[in-house]
Every structure is written in C-alpha cells, then in structure tokens.
Amino acid sequence: MSRAPSSIPSQLAAWKPGGSDEVLSDEFFEKVVSDALVWSALHGLVVGDRSNSRSGKVPGVGMVHAPFALTPTPLPMSYWRQACELAPLFNELVDRVSLDADFLQNSLSRTKKVDEFTGRLLEIHLQMLSLDKKEEIRLGLHRSDYMVDSETDMLYQIELNTISSSFPGLGSLVADLHRNVLGHYGQDLGLDSRNVPENPAVSQFAKALANAWSEYNASSAVVMVVVQGEERNMYDQYWLSTVLKDKHGVASIRKTLAEIDAQGHVLPDGTLVVDGHSVSVVYFRAGYTPNDYPSETEWRARLLIESSSAVKCPSIAYHLVGTKKIQQELAKPDILERFVENKDHVAALRKCFAGLWSLDNDEIVRTAMDKPELFVLKPQREGGGNNIYGTDVREMLIKLRNEGNDGLAAYILMQRIFPKDSLSYLIRDGISHTEKTISELGIYGAYLRNKDKVIINEQSGYLMRTKVSSSNEGGVAAGFAVLDSVYLT
Ligand code: ADP
Ligand code: MG
Ligand code: MG
C-alpha cells in the first residue's frame, strides 16, 4: 500500500502531540499512519486520483485517500464557541442582505465594470428584479472560514462562502477518523478522543436539502446537483446525495450547466424540468468560477435555473452576498446596522471582521505598497489560488494604478492574518511529512426559510484545514492544505 512508514523522518519519534514525556518510536507512528490509511479507504475518505484520467468522471475508478492530518489540531474552546455562535448570525445576515437588491447592485457597480464574471451574475440579478421574481423558499448552505491571529489573539473571518461550500462529507469523516485514531492510540499520544467534537456537517446539510425539498412540496421532484464535467472531489458530493437518499428518501440527479441547457426547460407554472425530472432544489457544486462558464450555453443554464420556481442553493442574490466585495462593504461603519437590529449580534459579527478596504482609498493603497506583507489582495474569485501576497501585492497595485482605468475596483484589500504555527503530521498520497503548519477553521451554517417562517437556522458542523505555514493559500482541492479536525483545549 503506502510508502508512508519508511518515509517517516526519525525526528518524529520525538513528536508528542499531547505533550506526554514518553518518546514514541518510528514503529509506533508507522502503525498509526497505516491504520489511518486503511480507515480512510474503508470509510470513503477518498478523492479521485489525478494520475488516473478517468477518476474525475467515473465513480469507483481511481481513488486515493483525501489528504489529512494524522491527529486533530488544538483549538481553544473560546474560539470554537465564538465561531459556532456566529453561524446563525451570518445565516440571517446573508438572508437579509440578499433582499436588499439596491445594496447589492450599488456595492458591486464599480466591480462589474472590470470584472466580467461578477457583471454577468449582476445582470441575471437585474433581470430577475425586472421580472419582480421573488424567492419565497430560501436555502443557504454556507461555510464561514476563520483564522486566529497570533498577534491580537482575535478570531477573524477570512471569508464567507455561500456557493459550493465544500467538504461537508469528507470533513465529517475526518472527525470520525481522528476519534478512531485517538480511541486506539490516544493514551500513547496523550490525546483524548472526547475532545474532538462530533461533526454532523453531512447529515445536517442533507437534512436541510430534504427540508427544502419538502417545503417545495412536489413528491416526485428531485434535487439537482450542478456539477463540473470532471470532479475529483465527487465523493464529498456523493456523501451528501447518498445520505439524502438513504435517510430522507429524496432522489438526486447530477448535471453540468451544459447538460442543463441542453436538457432543461421551465414550464409555464415555473417548474424546472431537466432530463424529464421535475427539479425542486438546485444545489450548486459548480458555477462559482468563470471556468464553469466557457460559453453562453452555461450562462443560459444559470439564467434558466434562476428564472424557475426551484429552490436555488444559492440563489443569484445569495451568491452575490458571498462575494469578497460585499464582505468588504459590510465591514464599513454603520452598514451592519442596516441589516441586523440586535446590537449584541452586530457587535459579535463586527468583532470577527478583519481590516477590509476598497482600493478607492488612496491612503490604504499607499500603505499596502509600503508594507505589502501585511495585506492580502483579493479578486472576486472562489476556489483558492487567486489571491495575491507579499511583494506581488505592491507590483500589482503599481500596475493597476498605472493602467489608470477602473482595474483597482476588481479587488479588495484585506489585513493579513498571521496564525500561530504548530507541528503537524500531514499525509498525502500515502506519504507522511511533519511540517510547521497553520490552520483555518470553517463553520458550516444551514438556513432555510419559507416566506416568514424560518425552518432551519443553525450551525451545521465544521471543517478544519491545515496547511504548511509557508504556503499562502489554503484550498484542499487546490492542493495547498489537508483535511483536519478540531481538538478542543
Ligand atoms: P477562496 O474563496 O478562493 O477560498 P479565500 O479568501 O478563502 O478565497 O482565500 C484563500 C486562502 O488564502 C485562505 O484559505 C487562506 O489560507 C488565505 N487567506 C485569505 N485571506 C487571508 C488573510 N486575510 N490572511 C491570511 N491568509 C489569508
Ligand atoms: Mg471562497
Ligand atoms: Mg476560502
């Protein structure tokens, strides 16, 4: 199977995650790693293997374990509680902001001039407004990501994902894996499996999809998962659709945007029909990046979905609320108050906002050129690998400024967060490494309402991602990070 055992550096023998004094042997770690790899294979903690060209298309072909950390990462209980308590507040905030069409259109008006993708989304949003289209059943499956800044000891939000929030399936499994590892080896490692919180992300998201399906109230309708043509993270998605079917009896279909354009239409009563199936809920695991819209075909499909009566997860308005530009606008003084009445909630939300600036602020642009290492420059993109760091920030700012036109409006500036690093044992492709790492905590939130009735508004599990501290970006699918879970301290 793996080459893991022979590749464990011997310094690891002295690695004591739980702080015990006992020195653990190489043989001990070989056994733990091997057990964890077997567990992953047996429990579906897997992704498509890049080296197999069919692995992104055909389920059951060319699988490899998802990259993971061998043991969970310590997190003080206070940050955990704070992040969990924020989930229902962000769920509600997204809903409220989504209803303020002028706020969305105005906030993004400069961005759209220079960012075609955001412009296209706004165009669909505008078309729905002109039709006076109302979304009465609204479903959000979000993930709010955080890092703890070592200098200030503050928990800061990195971003809020409102579309294609990934890893509810595999994230749930990693917590199970860690509890299993600690169940067997916890004493030697000095770690107690009871400190790894349960991670119900997959069951809660499946429940929310099932409840949305019930609210739509068409017993023969299906949930449609919008997917990319090739998807190596398909098992994370299949976990969700499998639980949806096994536990709730709701069937799903998987379609690309191109297939939806070719096989879909909307009936006069608003029903979306794709490939002969009435669709009650559309769950997007594609459509968040310009790459998912190579031609007008895909945009037609997005418009078709939006104009139907199906519940969209997300609607175009929810999608727009998740843009980085809106995150930055919400951080401006007095803006949160427009959407949130409860003062304690406003304070709790604001507390997790890091510094966020639009680039029409000359002073901050000058500061960022002077000290680029303290900032991250972010375009309106999702999926990892798009941000600009370090001296590249300065170069990009100079270039955009010299170009003169509105280029700066495509970006926002964010205060760079510096989490404390720790030593972790990362396993990728059956090979383990000890690395200096930093972690990002994602908290899932599910929100479902039908008109005035809020049916679900809850925190729905979590995702810990751990990456080598020298790497700027954090995506697991993008190859920067590994899946992890939380060890509460
Ligand atoms: P995406 O939507 O592409 O995931 P993010 O805003 O989450 O965009 O940025 C991607 C990654 O970049 C994050 O997972 C994190 O590792 C890193 N990152 C983003 N913002 C910051 C920040 N302010 N400070 C430090 N790292 C950041
Ligand atoms: Mg994102
Ligand atoms: Mg992110």
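If you're wondering where the values come from, they're calculated on a predicted model, not measured in any experiment. (Residues numbered from 1 in each chain as written. Chains lettered and ligands numbered in written order. Predicted model: local features only at pLDDT ≥ 70, side-chain atom pairs only at ≥ 80, totals over all residues. Heavy atoms only, no water.)

## Let's talk about the side chain of S439
Cut-off, in case you're wondering: Helix and strand definitions follow DSSP, with helices as H or I runs of at least four residues and strands as E runs of at least two, each counted in order from the N terminus. Burial classification: accessible surface area is computed with a 1.4 Å probe over protein chains only, and a residue below 20% of its type maximum counts as buried, one above 50% as exposed, and the rest as partly exposed. Whether two residues are in contact is decided by their heavy atoms, any of which lying within 4.5 Å being enough.
Of note, S439 is situated in strand β18 (residues 431-450). On the basis of relative accessibility, which here comes to 16%, the residue S439 falls in the buried class. Leaving out residues up to four positions away in the same chain, S439 has contacts with T73, Y146, M147, M464, R465, T466 and D484.

## What to know about the coordination of the magnesium ion (ligand 2)
Convention followed: Counted as coordinating are nitrogen, oxygen and sulfur atoms within 2.8 Å of the metal, or 3.2 Å for Na, K and Ca, while water is not included, which may make sites look incomplete.
Distances from the magnesium ion (ligand 2) to its protein donors, namely E159 (OE), E159 (OE), N161 (OD1) and E382 (OE), fall within the range 1.9 to 2.3 Å. The metal-metal distance between the magnesium ion (ligand 2) and the magnesium ion (ligand 3) comes to 3.6 Å, with E159 coordinating both. On the criterion of sequence distance, the pair formed by E159 in strand β6 (residues 154-161) and E382 in the loop between β14 (375-379) and β15 (388-389) is long-range, its members being 223 residues apart. Judged by relative accessible area, E382 falls into the buried class, the value being 17%.

## What about the confidence of the model for the protein chain?
For clarity, the threshold we go by: Each residue carries a pLDDT score, the predictor's confidence in it, ranging from 0 to 100.
Averaged over every residue, the pLDDT of the protein chain is 94; the share at 70 or more is 95%. Residue range residues 1-14 is modelled with pLDDT below 50. Its contacts to residues more than four positions away, or to other chains, number 33 contacts.

## Describing helix α11 (residues 296-307)
Here is the rule: One fewer than the residue count of a helix, multiplied by 1.5 Å, yields its expected span.
For α11, with twelve residues, the first-to-last C-alpha span of 16 Å sits near the 16 Å given by 1.5 Å per residue. Those residues of α11 that sit buried are E298, W299, A301, R302, L304, I305 and E306.

## Re the packing of aromatic side chains
Filter applied, for reference: In this analysis, rings of Phe, Tyr and Trp, with Trp reduced to its six-membered ring, are considered paired at centre separations within 6.5 Å, and the interplanar angle assigns stacked below 30 degrees, edge-to-face beyond 60, and tilted for intermediate values. Note on criteria: charge over ring means Lys NZ or Arg CZ within 6 Å of the ring centre, with the direction from the centre no more than 35 degrees off the ring normal.
Applying the stated criterion across every chain yields a total of twelve aromatic pairs. Where F117 meets Y293, the ring centres are 5.8 Å apart and the plane angle is 50°; that geometry is what we call tilted. Residue F117 is located in helix α6 (residues 116-130), and its partner Y293 is located in the loop between β11 (277-284) and α11; the two are separated by 176 residues in the primary sequence. The exposure classification of F117 matches that of Y293, with both residues buried. Taken together, a centroid distance of 5.2 Å and an interplanar angle of 75° make the contact between F205 and Y444 edge-to-face. With F205 in helix α8 (residues 201-216) and Y444 in strand β18, this pair connects stretches of sequence that are 239 residues apart. Accessibility assignment for this pair places F205 and Y444 in one class, buried. Over the ring of Y238 we find R254; its NZ or CZ atom is 4.3 Å from the centre of that ring. If you follow R302 out to its NZ or CZ, it ends over the ring of F284, 4.6 Å from the centre.

## Notes on the sheet that holds β15
Stated precisely, the cut-off is as follows: At least two bridges found by DSSP between two strands is the condition for calling them paired. Axis angles are defined between N-to-C directions and span 0 to 180 degrees, where every axis is a line fitted to C-alpha atoms and, for a helix, only to the segment in contact.
The antiparallel open sheet is built from four strands, whose spatial order is β13-β16-β14-β15. With partners counted over all chains shown, the strands left at the sheet margins are β13 (356-358) and β15, one partner each. Taken strand by strand, helix α16 (residues 362-370) contacts β13, β14 and β16 (411-415), and its axis lies near 120° from that of β14.

## Here's the deal with the UniProt feature "binding site: Mg(2+)" (unreviewed entry) in the protein chain
Our working rule: UniProt positions are given in the numbering used here, feature names are shortened, and annotations may be inferred rather than shown by experiment. Polar contact is defined as a pair of N or O atoms within 3.5 Å, subject to the rule that within protein one atom must be able to donate a hydrogen and the other to accept it, and that residues adjacent in sequence are counted only when both atoms are side-chain atoms.
Under the UniProt annotation, the feature "binding site: Mg(2+)" (unreviewed entry) is placed at E159, N161 and E382. What stands out for the annotated residues spanning 224 residues is how close their C-alpha atoms remain, the widest pair being 10.0 Å apart. According to the relative accessible area criterion, E159 is buried, its value standing at 12%. Ignoring anything within four residues of it in the chain, the contact list for E159 reads R143, S144, D145, K324, Q327 and E382. Side chain to side chain, E159 and N161 meet in a polar contact 3.1 Å long. Considering the arrangement of structural elements, one finds N161 in strand β6.

## Focus: unusual backbone geometry
Here the bond from C313 into P314 is cis, since omega is 5°, no more than 30 degrees from zero. Mapping P314 onto the fold places it in the loop between β12 (311-313) and α12 (316-321). With a phi close to 60°, D153 is a non-glycine residue in the positive phi region. The backbone of K451 shows a phi angle near 50°, a positive value even though the residue is not glycine.

## A look at α6
Note on helix geometry: an α-helix contains 3.6 residues per turn, so any two residues three or four positions apart are oriented the same way. In this model α6 runs 21 Å from its N-terminal to its C-terminal C-alpha over 15 residues, within 8% of the 21 Å that 1.5 Å per residue would give. Of the positions making up α6, those classed as buried are F117, T118, G119, R120, L121, L122, I124, H125 and M128. Looking at the buried residues of α6, the elements they touch are α4 (101-107), α5 (109-114), α11 and α12. Two or three places before F117, at the opening of α6, D115 has a side-chain oxygen 3.1 Å from that residue's backbone nitrogen. D132, located one to two residues past α6, shows a positive phi value of around 55°.

## Looking at the domain arrangement of the protein chain
Put simply, the rule is: Source of the domain bounds: an automatic or database domain assignment.
Domain boundaries in the protein chain define domain 1 (200-313) and domain 2 (355-416). Distance from the C-alpha centre of domain 1 to the C-alpha centre of domain 2: 35 Å.

## Focus on the side chain of S308
Turning to its location among the elements, S308 is positioned in the loop between α11 and β12. Of the polar contacts made by the side chain of S308, one reaches the backbone nitrogen of A310; its length is 3.2 Å. In contact with S308, not counting residues within four places along its chain, are K133, V266, G270 and L272.

## A closer look at the site of ligand 1
Applicable threshold: Whether a residue is near a molecule or strand depends on its heavy atoms: if one lies within 4 Å, it is near. Residue type decides the class: Asp, Glu, Lys and Arg count as charged, Ala, Val, Leu, Ile, Met, Phe, Trp, Tyr, Cys and Pro as nonpolar, and the leftover types, Gly among them, as polar.
Residues in close proximity to ligand 1 total 21 residues, the closest being K324, K378, G384, Y389 and E440. At 2.7 Å, a side-chain N or O of K324 approaches an oxygen atom of ligand 1. Within the side chain of E440, a nitrogen or oxygen atom sits 2.5 Å from an oxygen atom of ligand 1. Here the residues of the shell around ligand 1 sort into six nonpolar, six polar and nine charged.

## Considerations on the pairing of strand β17 (residues 422-428)
Inspection of the sheet shows strand β3 (residues 68-69) paired to β17 by two bridges, in the antiparallel sense. Paired with A69 across the strands is L426, a residue of β17. Here β17 runs beside β18; their pairing, made up of seven bridges, is antiparallel. Residue pairing across strands places I427 opposite S432, the latter belonging to β18. Here β17 folds back onto β18, and the loop between the two strands holds two residues, one of which, D429, carries a positive phi near 55°.

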